[in-house]
Structure formats: structure tokens, C-alpha cells
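Structural description and commentary
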Amino acid sequence: MADIQINAPSGKYSVIINDDIAAVFSGFLDKHFKGKKRYFVTDSNVLKDHSELINRLRADGESEQYCFEASENNKSLQSLSLILGDMVSKKINRDSILIAIGGGITGDIAGFAAAVFARGISYVHIPTTLLAMVDSSIGGKTGVNHGGIKNITGAFHQPFAVFVYPGFLSTLPTEEKLCGWGEIVKYSLITGGDLFEKVAGIAEPLKIDDRILSGEIIPECIRIKGGIVEKDEKEVSGIRKVLNLGHTFAHGIESLSGYQIKHGVAVLYGCRLAAGLSRKMNLMDAETYERIKTLIGKFSLPAKPEYLTFNSMRSVMISDKKNQDGQISFVLPCLPGEILPEITAPENYLKEIIENGNF
Ligand SMILES: NC(=O)c1ccc[n+]([C@@H]2O[C@H](COP(=O)([O-])OP(=O)(O)OC[C@H]3O[C@@H](n4cnc5c(N)ncnc54)[C@H](O)[C@@H]3O)[C@@H](O)[C@H]2O)c1
């Protein structure tokens, strides 16, 4: 269906979108990892819903499997240590390949295990959530949460390949699809143009057919992220920073909710707040702000929880790893397609947006 090349400076790889994943994956392993041990890290819900397919993916060659419950609390150094210990006990070695089957949590922690085990082994991600298909499986950011801070410990480690099988979306709960839409909305704001118009034109995003997602929206988001990663793989020149649109707010919201508010939903709140702050700072015109509000309004997000006060948000956002010189740094949209990557905001504006802004 599609084969998108990502030419990251530290590694080139294909993102293959295909309905016949078992055959394609078997051919891939045969070509690149014949006779090498395969180590599968699998999300427990995915294993339950797709055991037959996963057994087929494991059918060729010698393989081991580690299954875990994908939660933000399990995206931790303790869980990483369990995975690494299991890899040692199962005699995984430098030539082996790690295969992550799951969403962003599975990809982030398993990718990190691959980055550090034996100083780095190859890994493949087979994303099973919409969020991981459009975003987290691409770009090589791996890591875990620590000390109450999201993704504070990790490594850049590009995958050897990514296989997107749209059939996984059939069992994905609507709440998790909503999370994927958080990142899709982010991409539409980053690039503007056709993607923004397409996304803004969908009346009920959560009800659109998976075929439209896998045929049009998922490949488009992968191309956008891939293009950004190619130009600024390790987020040094600022180009990749635009991918953090809405994320300073989002990481604060996630942490303060004890991860009850999921990442993609927090990104939707975060994009709305970023647009509000941009409007308040006169960086965005009123019409654009209304269009963005209407778009995000289609997701009927619950009202802002009481505990998300200016003080609580400020104290968490100040620890975000993207900040410099003790100042909270925001990525703000001006127009769809026009993003400012490092903006500090007057505290009174921030307070007003967090406390009065209708999330
Ligand atoms: N590395 C990156 O560049 C990057 C980018 C964006 C987000 N992230 C990270 O991704 C994480 C969020 O990822 P996510 O939204 O994919 O969540 P997730 O991995 O937690 O999965 C969400 C839930 O859906 C279940 N699930 C997964 N696939 C399923 C399927 N096909 N059918 C039924 N249930 C399924 C999981 O068991 C889990 O309960 C966050 O930790 C975030 O920080 C990383």
C-alpha cells in the first residue's frame, strides 16, 4: 500500500503500510535477520486481541516474547530493568532483533531497551495505536518517565524498519483513537495547507473509516514527521522543535493528572491552550483562532479538571526538558503552517489562559 523512506542521518529506514503484514514481515526477517534471534516486546491488550496474527509474526525462526501492560506508570526504569533482565536470561545478543508490537508506550520503552542493550541492537516497531502509527513509531525518540517527569530519560535510536498494519485499528477503543487524533491535529497545524483543510473539513473525525485513515491521513503524517526528522534528527537546529506544539502544556496536564489524562488527549488540550496563548499574545488572528477552536471542539473534550491551576501547571512545566534558562518555552502556532518554536510568555497571560481559557 505504501513504502515511505525516512533518511535520518543516523539511519535510513522504510515505513511500510501493508494489509498483508504477516507475509511482508516474514520476507523482511528472512532478508535481514535470517538465523538471528527475535525478541518480541508485546502489549498485553494487543496480544489478547491479536494472538493469532502475533503467532504468525513469530512463526519463523527462533523467538522469545516479553508481554507487559502498557501504562504510563509502567513506562519506567523499573520496567526497563525487567525487560533488560529478561533479555539477558533469554540470551538475546548483539545480533538479535527486538520487535515492539504496541502503541507509543511499548515503542518508547522497547526502543530504549534496544538502544541500551549490548550498547544498541536493531529494533522494529509494529505500531498498534493510531498515535503510534502517525507519530511515535517514527523518529527514533525512545525513553521512559522518571521522577514524575515525562520522557526525561531516553536515547535517540532509529528503528530498522516500521510496519504499519491498519487492521490493528479495528480493536482500538475510541478513547485511544482520540489520542491519535491529538497528534493528527498537531500535524495539520504544523503543516497547514491541504492536511489542515482536510482535517478541518471532517465533520466527525472519530467516526471516519479506517480506510481513509490508512490510505490518506496516516501516510501524510508519516511523511511530515519523516521530513522533519531528516532535517533535525536530534532536535538541535530547532526544526524538530515544532513537533512539540502543544506538548509543554500536554506534559504538564498528563503529569498532574497522574497520567489519567492520556498523552494524545493532553496534546489536544495543549494545542487549544497554545492557540489561546498565541491569540492572547497577538501572534494569531481571531479568525484562525476560531477555526482551531472549532476543529478541537469536534472532539468534545471534558471540562478542565479543578487541579489544573496556574500554579500547579507552572511548577510542572518549569521542569520540562525543553526549557532553557529556567524559562518555560512554548511552541506556538500563528497560522496553520506557521509555527514559532521557542516562545516565552508573560506570566499574567499564561495565568489567564490556564485559569480562564476553556480547555
Ligand atoms: N517517541 C515519540 O516520538 C513519541 C511521540 C508521541 C507520543 N509518544 C509517547 O507515546 C505514548 C502514548 O502512546 P499511545 O497513545 O500509543 O498509547 P499506549 O501505548 O498506552 O496504548 C494505549 C492503550 O491502547 C491499548 N492498545 C494498543 N493497541 C491496541 C489495539 N490495536 N487494540 C486494542 N487496544 C490496544 C494499550 O494496551 C493501551 O491500553 C506516551 O507515553 C507518549 O509520551 C512518543
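Starting from 1, residues in each chain are numbered consecutively following that chain's sequence as written. Per-residue local features of the predicted model are confined to residues with pLDDT of at least 70, and side-chain atom pairs are confined, for both listing and counting, to 80 or more; whole-chain, interface and lining totals are unaffected and use all residues.

1. Some words on the site of the ligand
In the region of the ligand, 30 residues are neighbours, and Asn45, Gly103, Gly104, Thr129 and Ser136 sit closest. The secondary structure listing takes helices from DSSP runs of H or I that are at least 4 residues long and strands from runs of E that are at least 2 residues long, numbered from the N terminus. Those elements giving two or more residues to the shell around the ligand turn out to be helix H2 (44-49), helix H5 (104-116), helix H6 (130-136), strand S8 (149-156), helix H7 (174-191) and helix H11 (263-280). For this scheme, ten residues count as nonpolar: Ala, Val, Leu, Ile, Met, Phe, Trp, Tyr, Cys and Pro. Four count as charged, namely Asp, Glu, Lys and Arg, and the remainder, Gly too, count as polar. Per-class residue counts for the shell around the ligand are eight nonpolar, 13 polar and nine charged. Here the shell around the ligand gathers at least three residues from each of two domains, domain 1 (2-171) and domain 2 (174-356). For each residue, a C-beta atom is placed from the backbone, and the residue is labelled near a molecule or strand when this atom is within 6 Å of it. Domain start and end points were adopted from an automatic or database domain assignment.

2. Description of unusual backbone geometry
Unusually for a residue other than glycine, Asn151 sits at a positive phi of about 50°. Remark: C-beta atoms are placed from the backbone, and a residue is labelled buried if 20 or more other C-beta atoms sit within 10 Å of its own, exposed if 12 or fewer do, or partly exposed between those counts. Taking the C-beta count within 10 Å as the criterion, Asn151 has 19 such neighbours and is therefore assigned partly exposed. Located in the positive-phi region is Ser300, a residue other than glycine, with phi close to 40°. Here Ser300 lies in the loop between helix H12 (286-297) and helix H13 (310-317). Assessed through the 8 C-beta atoms surrounding it within 10 Å, Ser300 is described here as exposed.

3. A word on the sheet that holds strand S9 (residues 161-164)
Two strands qualify as a pair provided that DSSP identifies no fewer than 2 bridges between them. Taking strand neighbours across the sheet as the criterion, the seven strands line up as S1-S2-S9-S6-S5-S3-S4 in an open arrangement whose pairing is mixed. A strand with exactly one partner marks an edge of an open sheet, and here the two such strands are strand S1 (2-8) and strand S4 (63-68). When the angles between neighbouring strand axes are averaged without regard to direction, this sheet yields 15°. As defined by bridge partners, strand S2 (residues 11-17) adjoins S9 across four bridges and the pair is classed as parallel. Pairing of Ile17 across the sheet is with Val164, part of S9. Against the sheet, H5 engages strand S3 (38-43), strand S5 (97-102) and strand S6 (122-127), with an angle of about 170° to S5. For helices, the axis comes from a line fit to the C-alpha atoms of the stretch in contact; other axes are also lines fit to C-alpha atoms, and the angle between any two N-to-C directions lies between 0 and 180 degrees. The contact rule is simple: place each C-beta atom from the backbone, and if two of them lie within 7 Å, those residues are in contact.

4. Quick look at the packing of helix H10 (residues 247-256) against H13
Taken N-terminus to C-terminus, the directions of H10 and H13 make an angle of 110°; their axes are 9 Å apart at the nearest point. The angle between H10 and H13 places the two elements in the roughly perpendicular class. Residues Thr248, Gly252, Ser255 and Leu256 of H10 pack against Ser312, Met313, Val316 and Met317 of H13. Residue composition of the contact of H10 with H13, by class: four nonpolar, four polar and no charged. Each angle gets one of four labels, with under 35 degrees taken as roughly parallel, over 145 as roughly antiparallel, 65 to 115 as roughly perpendicular, and the rest as oblique.

5. Details of the nonpolar core
In this description, a nonpolar core means buried residues of the types Ala, Val, Leu, Ile, Met, Phe, Trp, Tyr and Cys, linked to one another by C-beta atoms lying within 7 Å. Membership of the largest hydrophobic core comes to 104 residues, with the highest contact counts inside it found for Leu98, Ile99, Ala113 and Ala274. Of all the elements, H11 adds the most residues to this core, at 10 residues. For this core, the two domains that each supply at least three residues are domain 1 (2-171) and domain 2 (174-356). Not counting chain neighbours up to four residues away, the residues in contact with Ile99 comprise Arg38, Tyr39, Phe40, Tyr123, Val124 and Ile126.

6. Some words on the pairing of strand S7 (residues 141-146)
Along S7, five of the six residues are buried, which leaves the element largely enclosed by surrounding structure. Relative to S8, S7 runs antiparallel, the two being bridged by five bridges. Paired with Lys141 across the two strands is Phe156, which belongs to S8. Here S7 hands over to S8 after two residues, with Gly147 in that stretch at a positive phi of 60°.

7. A short note on the domain arrangement of the protein chain
Put simply, an interface is often sized by how much accessible area is lost when its parts join up. Domains assigned within the protein chain are domain 1 (2-171) and domain 2 (174-356). A straight line from the C-alpha centre of domain 1 to that of domain 2 covers 26 Å. Listed by partner, the interface residues are 30 residues for domain 1 and 28 residues for domain 2. Mapped onto the side of domain 1 that touches domain 2, the elements with two or more residues apiece are S1, S2, H6 and S8. The class makeup of the residues in the side of domain 1 that touches domain 2 is 18 nonpolar, nine polar and three charged.

8. As for H13
Three or four residues apart is the spacing at which side chains of an α-helix point the same way, because the helix has 3.6 residues per turn. For H13, every residue scored as buried is listed here: Met313, Val316 and Met317. Angular distribution of buried residues about the axis of H13 spans 95°; they occupy a single face of the element. Along its buried surface, H13 packs onto H10 and helix H14 (347-356). What the arc measures is the spread of directions leading from the helix axis to the C-beta atoms.

9. Structural notes on the packing of H7 against H11
Two packed helices can be described by the angle between their axes and the distance between those axes. Relative to each other, H7 and H11 sit at 40°, their axes nearing to 6 Å. In this structure, H7 meets H11 at a crossing whose hand is left-handed. Touching Leu178, Cys179, Gly180, Trp181, Gly182, Glu183, Val185, Lys186 and Leu189 of H7 are His263, Gly264, Val265, Val267, Leu268 and Cys271, all from H11. Looking at the contact of H7 with H11 residue by residue, the classes come out as nine nonpolar, four polar and two charged. The crossing is said to be left-handed when, going from far helix to near helix, the turn is anticlockwise and less than a right angle, and right-handed when the turn is clockwise.

10. With respect to the environment of Ser76
As for its placement among the helices and strands, Ser76 is situated in the loop between S4 and helix H4 (77-89). Overall, Ser76 belongs to the partly exposed group, with 16 C-beta atoms counted inside 10 Å. On a C-alpha basis, the gap between Ser76 and Arg240 in space is 25 Å, while along the polypeptide they are 164 residues apart. Among all residues touching Ser76, those that are not within four sequence positions of it are Val144 and Asn145.

11. Looking at the environment of Ser79
The residue Ser79 is located in helix H4 in this model. C-alpha of Ser79 to C-alpha of Val46: the two residues are 33 residues apart in sequence and 18 Å apart in space. Residues contacting Ser79, with those up to four places away along its chain left out, are Phe68, Asn74 and Ile109.

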